[in-house]
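Working through the structure, step by step
Residue strings, one per chain:
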Amino acid sequence: MKFFIDTANVDEIRECWEMGIIAGVTTNPSLIAKEGRDYRKTLKEIAGIVDGPISGEVRASSVKAEDMISEGREIAGLHENMVVKIPMTAEGLKAVKQLSSEGIRTNVTLIFSAAQALLAARAGASYVSPFLGRLDDIATDGILLVEDIMAIFEGYPEIRTEVICASVRHPMHVVECAKTGADIATVPYKVLVQMMKHPLTEIGIEKFRKDYEAVFGK
């Protein structure tokens, strides 16, 4: 399973890219707004750091297919690695079909059912993003959704759509996603940092340090 980082913080992206743990980035206008940055300038800067898929989302105010298509073309024109993130709506599917026919990759977001994922795949989506955490918030198992989507897609070899586990809240979400065989997990920086840590690792490092200094000094 590949990792994307879900953020618009350029410093976080650069650090994770330098560690070699991410293969791409997902972001949206809200995340970029939180950073106080210009949307398109930020996407271009990210593209200069990460050599992999970068999802840039159409505006929430773009509800008609023609508007999403126009904006999607602009986003795709920023860099060859750009992927256009489009919401799961009837108009969104129309946009996905058109953009896909033009060779523009799309990521259908806000997926909450296997039926939605299948429709998005048939419309030509390059990626679908089922949201785990938001399902957990309403006492629904998001991992079961990912399992269903993976089972359906595996039954139809002509479907090339990749599954991105989104709305990831903690390391166990990541582990459970990996066990489903999901293609990608897009993970906040905080969760990636949590995944690196274990108390026994820290205890072991401290013991090795003390043992070394006892023999060789500081």
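What comes next is a walk through the structure. In this text the structure is predicted, and so the values were computed from the model without any measurement.

Some details on unusual backbone geometry
- Unlike most non-glycine residues, Ala139 shows phi in positive territory, near 60°.
- Relative to the helices and strands, Ala139 is located in the loop between helix H7 (132-137) and helix H8 (142-154).

Remarks on a nonpolar patch on the surface
- A cluster of nonpolar side chains, contributed by Met19, Ile21 and Met196, occupies part of the molecular surface with about 240 Å² of accessible area.
- On the secondary structure map, Ile21 appears in the loop between helix H1 (10-19) and strand E2 (24-26).

A word on the sheet that holds strand E1 (residues 2-6)
- Read around the closed barrel, eight strands run E1-E2-E3-E4-E5-E6-E7-E8, paired in parallel fashion. Across the sheet, the mean angle separating the axes of adjacent strands is 30° when strand polarity is ignored.
- Sheet analysis places E1 next to strand E8 (residues 184-187), joined by four bridges and oriented parallel. Pairing of Phe4 across the sheet is with Thr186, part of E8.
- Taken strand by strand, helix H4 (residues 65-76) contacts strand E3 (54-57) and strand E4 (82-87), and its axis lies near 155° from that of E4.

A short note on the nonpolar core
- Membership of the largest hydrophobic core comes to 58 residues, with the highest contact counts inside it found for Ile86, Val128, Ile149, Phe153 and Cys165.
- Top element by residues in this core is H8. It accounts for six residues.
- For Ile86, the residues in contact, after removing those within four places along its chain, are Val58, Met68, Gly92, Ala95, Val96, Leu99, Thr106, Asn107, Val108 and Thr109.
- Phe4, Tyr127, Ile164 and Ile184 belong to the second largest nonpolar core, which has five residues in total.

Observations concerning the packing of H1 against helix H10 (residues 189-196)
- It is at 11 Å that the axes of H1 and H10 come closest, and there the two elements cross at 35°. Between H1 and H10 lies a crossing whose hand is left-handed. Side by side, H1 and H10 meet where Glu12, Glu15, Cys16 and Met19 of the first sit next to Tyr189, Leu192 and Met196 of the second.
- Tallied by class, residues from the contact of H1 with H10 come to five nonpolar, no polar and two charged.

A short note on the side chain of Ser55
- For Ser55, the position within the fold is in strand E3.
- Residue Ser55 is classed as buried on the basis of its relative accessible area of 2%.
- A distance of 3.2 Å separates a polar atom in the side chain of Ser55 from a polar atom in the side chain of Asn107.
- Setting aside its immediate chain neighbours within four residues, Ser55 contacts Val25, Thr26, Thr27, Met82, Val83, Lys85 and Asn107.

Regarding the pairing of E8
- Every second residue of E8 is oriented toward a common face, with Ile184 and Thr186 on one face and Ala185 and Val187 on the other, all of them buried.
- With two bridges joining them, strand E7 (residues 162-165) and E8 adopt parallel strand pairing. Bridge pairing in E8 places Ile164 opposite Ile184.
- A crossover links E7 with its parallel partner E8, the connecting element being helix H9 (residues 171-180), and its sense is right-handed.

Observations regarding helix H3 (residues 39-47)
- Within H3, the full set of buried residues consists of Tyr39, Thr42, Leu43, Ile46 and Ala47. Across the axial projection of H3, the buried residues extend over an arc of 140°, all falling on one side.
- Residues of H3 that are buried in the fold lie against H1, E2, helix H2 (29-34), E3 and E4.

What about the packing of aromatic side chains?
- Counted by the stated rule, this structure contains three aromatic pairs.
- With 6.4 Å between their ring centres and 70° between their planes, Phe4 and Tyr127 make a pair best called edge-to-face. Remark: Tyr127 occurs in strand E6 (residues 127-130) and Phe4 occurs in strand E1; sequence separation between them is 123 residues. Take Phe4 and Tyr127: they sit in the same class, and that class is buried.
- Sitting over the ring of Tyr156, Arg122 keeps its end group 5.8 Å from the ring centre.

Criteria and thresholds
- Residues numbered from 1 in each chain as written.
- Predicted model: local features only at pLDDT ≥ 70, side-chain atom pairs only at ≥ 80, totals over all residues.
- Heavy atoms only, no water.
- Helix = DSSP H or I, 4+ residues; strand = E, 2+ residues; numbered from the N terminus.
- Patch = residues over 30% accessible without salt bridge, like charges linked within 9 Å, V, L, I, M, F, W, Y side chains within 5 Å.
- Areas by Shrake-Rupley, 256 points an atom, 1.4 Å probe, with all protein chains shown as cover.
- Salt bridge = Lys/Arg side-chain N within 4 Å of Asp/Glu carboxyl O.
- Pairing = 2+ DSSP bridges.
- Axes fitted to C-alpha atoms, helices over the stretch in contact; angles between N-to-C directions.
- Contact = heavy atoms within 4.5 Å.
- Core = buried A, V, L, I, M, F, W, Y, C linked by side-chain atoms within 4.5 Å.
- Buried < 20%, exposed > 50% of the residue type's maximum accessible area, 1.4 Å probe, protein only.
- Left-handed = near helix turned anticlockwise from the far one by under 90°.
- Nonpolar A, V, L, I, M, F, W, Y, C, P; charged D, E, K, R; others polar.
- Polar contact = N/O pair within 3.5 Å; in protein donor to acceptor, adjacent residues only side chain to side chain.
- Right-handed = clockwise from strand over helix to strand, strands pointing away.
- Arc of directions from axis to C-beta.
- Phe/Tyr/Trp six-rings, centres within 6.5 Å; stacked < 30°, edge-to-face > 60°.
- Lys NZ or Arg CZ within 6 Å of the ring centre and 35° of its normal.

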